[in-house]
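Here is what each chain is made of, one letter per residue.
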Amino acid sequence: MSSRIIPAVACLCLLWPVMPPGAWAAGSPIAEVICAPRAEMLQRLTLTYGAQLAGQGVRNLEMVMEVWTTPRGDWTLVQSYSDGRACIVAMGEAWEAVVSDPA
C-alpha cells in the first residue's frame, strides 16, 4: 500500500507550481484542489504517469468530471471547465473497473 502512496505524493510534488498561493501554508497539499490548464494537466497525467481516461460525465453546462487511471490501479478524479481549466479534486489507488453482466 505504501508503495502506491509514493507516486501520489510525487504527482503532487510535480504539480506544486500550479497550486493556489498559500496552499502549502494552509496545511496538507492533498487537502487543496490542484488546477492547471487542461492541456498541461492531461499531458502530465498521460506522459508522466501513463494514465488513461477511464470514464467521464457531464456535471453541468460548464463542467465535465473525468476519471483517469493507470495500469497500476492509481486513479485521479479531474474536473474540467469550459474555460480550459482542469482541477484534480481527488486521487487514490486500487481502482477496479466494474463490468456488468449482460442482461
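This text goes with the structure placed above it.
Reading guide: rules and limits
Residues numbered from 1 in each chain as written. Predicted model: local features only at pLDDT ≥ 70, side-chain atom pairs only at ≥ 80, totals over all residues. Heavy atoms only, no water. Disulfide = S-S within 2.5 Å. Helix = DSSP H or I, 4+ residues; strand = E, 2+ residues; numbered from the N terminus. Pairing = 2+ DSSP bridges. Axes fitted to C-alpha atoms, helices over the stretch in contact; angles between N-to-C directions.

Q: Please explain the state of the cysteines as it appears in this structure.
A: Joining two cysteines, a disulfide is a covalent bond between their sulfur atoms. The tally for this structure, following the rule as stated, stands at one disulfide. The disulfide partner of Cys35 is Cys87, and the S-S distance across this bridge is 2.0 Å. Judged by the sign of its S-S torsion, about 105°, the cystine formed by Cys35 and Cys87 is right-handed. In this pair, Cys35 is assigned in strand 1 (residues 34–37) and Cys87 in strand 5 (residues 85–92), connecting sequence segments 52 residues apart.

Q: Would you take a moment to explain the sheet that holds strand 2 (residues 52–60) for this structure?
A: Sheets are built from strands paired through backbone hydrogen bonds, the pairs being either parallel or antiparallel. As summarised here, the arrangement of the five strands in space is 1-5-4-3-2, forming an open sheet in which the pairing is antiparallel. Each edge of the open sheet carries a strand with a single partner, namely strand 1 and strand 2. Ignoring strand direction, the axes of neighbouring strands in this sheet form an average angle of 25°. Both strand 2 and strand 3 (residues 63–69) contribute to a ladder of seven bridges, which runs antiparallel. Within strand 3, the residue paired with Leu53 across the bridge is Trp68.

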